[in-house]
Amino acid sequence: QQLWLNGKPIYLKGICVHEDDLLLGKVSSQQDVRRRFADAAALGCNFLRLSHYPHHEHVAQIADELGFLLWEEIPVYWAIDFGNPATLADAQNQLQELIRRDRNRASVILWGVGNENDDSDLRLAFMRSLAQSAKAADPTRLTGAACLINRQKFCIEDRLTEHIDVIGINEYFGWYEPDFSGLRRLLEASTPDKPVIISETGADALAGHHGATDELFTEENQARVYEQQIAHLARAPFVCGMTPWLLYDFRSERRQTVFNQGFNRKGLIAQDKSTRKLAFEVLARHYRSLG
């Protein structure tokens with residue numbers, strides 16, 4: 001239940017990142033990548049989750065140079081056709097190409113094989129195959145995935161965890177599930193036998209929108225969610241790191257509220273990549289306290 005680096009225990013102080021830019025779109029220039037790492041450094045991060053697909057080869061190269069650790073993954077995301085051999089072949093090919101490209105990068109510590117997939121026998125066989133292939137291609141690194149919560153027992157429970165090294169958990173208590181009592185129950189009822197990374201958590205906030213701490217989409221509410229998350233997760237010894245969702249606001253066309261306006265607003269920094277929200281300092285202060 002502990003992660004080690006060079007013989008010493010390490011807590012992964014992370015953040016999720018997307019490749020998205022108002023001017024460049026999905027193009028990722030070296031200047032943009034370096035800005036990303038500079039903001040992650042200001043946040044106090046030692047770790048980034050490259051969500052949810054292989055990022056540009058610049059990223060691992062620059063991470064090597066700057067000393068960041070990386071979770072790299074392939075887009076086995078939500079409801080894909082797990083029973084289709086062509087889909088598995090596609091995923092295997094993406095995974096093998098990613099490993100061949102970056103297996104000599106010191107920054108890469110974890111190969112991610114999937115994110116938020118509903119439990120089924122077909123899904124288990126598909127994901128298990130990917131995890132086994134990753135280990136065969138690179139036995140020196142960890143494997144992981146964003147795994148499932150058993151909603152009946154309300155604990156971390158996923159058959160896939162038998163086949164990976166690190167358990168990722170995406171949870172949005174304080175946002176999609178407003179009551180933090182659920183997070184307390186989850187942490188108290190869970191007894192994972194492997195390290196857990198909180199691979200996603202957070203809340204939306206429109207930069208510059210202020211109000212009460214219980215008012216949705218305010219910076220104050222987002223900051224409160226982070227404060228509560230930090231306090232609860234500190235009580236769980238099996239949690240060895242976190243990568244909140246996420247560094248910058250990014251375009252998401254299906255989100256069309258008066259606050260979203262086509263953006264996912266869970267970034268700690270607005271889509272201009274310069275305006276920091278209140279929660280940025282909340283997480284930075286926590287990471288600084290960890291040393």
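This text goes with the structure placed above it.
Since the structure is predicted, the reported quantities are computational estimates derived from the model, not experimental observations.

Undergrad: An account of the overall build of the protein chain is needed here, citing residue identities and associated values.
TA: The helix and strand tally for the protein chain stands at 7 helices and 14 strands. Against the 2.2 N^0.38 benchmark of 19 Å for 291 residues, the protein chain shows a C-alpha radius of gyration of 18 Å, consistent with a compact globule. The principal-axis extent of the C-alpha atoms belonging to the protein chain is close to 50 × 45 × 40 Å. When the 291 residues of the protein chain are sorted by exposure, 56% land in the buried category. If you take every contact in the protein chain between residues at least 6 apart in sequence, the share linking residues at least 24 apart comes to 68%. Accessible surface, the protein chain: about 12,500 Å² in total, of which carbon and sulfur atoms supply 52%. Treating the 33 positive side-chain charges of the protein chain as one cloud and the 39 negative ones as another, the clouds have centres 3 Å apart.

Undergrad: Lay out the nonpolar core in plain terms, naming residues and giving numbers.
TA: Core analysis: the biggest nonpolar cluster contains 74 residues, and Ile15, Phe37, Leu43, Leu48 and Leu70 have the highest contact counts within it. By size, the runner-up hydrophobic cluster in this structure holds 11 residues, among which are Ile109, Val166, Ile197 and Cys240.

Undergrad: Talk me through the packing of helix H6 (residues 219–233) against helix H7 (residues 278–289); I want residue IDs and the actual numbers.
TA: At a closest axis distance of 7 Å, the pairing of H6 and H7 adopts a crossing angle of 20 degrees. By the angle between their axes, H6 is roughly parallel relative to H7. For the element pair H6 and H7, the recorded crossing hand is right-handed. Between H6, through Glu219, Glu220, Gln222, Ala223, Tyr226, Glu227 and Ile230, and H7, the contact on the second element is made entirely by Leu278, Ala279, Val282, Leu283, Arg285 and His286.

Undergrad: Residues and numbers for the packing of helix H3 (residues 85–102) against helix H4 (residues 121–137), please.
TA: Orientation of H3 relative to H4, taken along the N-to-C sense of each, is 25 degrees, at an axis distance of 10 Å. The orientation of H3 with respect to H4, classified from their angle, is roughly parallel. For H3 against H4, the interelement crossing comes out right-handed. Listed contacts from H4 to Thr87, Leu88, Ala91, Gln92, Leu95, Gln96 and Ile99 of H3 are Phe126, Ser129, Leu130, Ser133, Ala134 and Ala137. In terms of residue class, the contact of H3 with H4 is made up of 8 nonpolar, 5 polar and no charged.

Undergrad: Describe the pairing of strand S12 (residues 239–242), listing the residues and the values that go with them.
TA: Within a regular beta strand, the side chains point alternately toward one face of the sheet and then the other, so they alternate between its two faces. By the bridge criterion, 2 bridges tie strand S3 (residues 12–17) to S12 in an arrangement that is parallel. Paired with Lys13 across the two strands is Met242, which belongs to S12. Of the pairings in the sheet, the one linking strand S11 (residues 196–200) to S12 comprises 3 bridges and is parallel in character. Opposite Val196, over in S12, you have Val239 as the bridge partner. Crossover connection from S11 via H6 to parallel S12: handedness right-handed.

Calculation criteria
Residues numbered from 1 in each chain as written. Predicted model: local features only at pLDDT ≥ 70, side-chain atom pairs only at ≥ 80, totals over all residues. Heavy atoms only, no water. Helix = DSSP H or I, 4+ residues; strand = E, 2+ residues; numbered from the N terminus. Rg over C-alpha atoms; globule rule 2.2 N^0.38 Å. Buried < 20%, exposed > 50% of the residue type's maximum accessible area, 1.4 Å probe, protein only. Contact = heavy atoms within 4.5 Å. Areas by Shrake-Rupley, 256 points an atom, 1.4 Å probe, with all protein chains shown as cover. Lys, Arg positive; Asp, Glu negative; His and termini not counted. Charge placed at Lys NZ, Arg CZ, Asp CG, Glu CD. Core = buried A, V, L, I, M, F, W, Y, C linked by side-chain atoms within 4.5 Å. Axes fitted to C-alpha atoms, helices over the stretch in contact; angles between N-to-C directions. Parallel < 35°, antiparallel > 145°, perpendicular 65-115°, else oblique. Left-handed = near helix turned anticlockwise from the far one by under 90°. Nonpolar A, V, L, I, M, F, W, Y, C, P; charged D, E, K, R; others polar. Pairing = 2+ DSSP bridges. Right-handed = clockwise from strand over helix to strand, strands pointing away.

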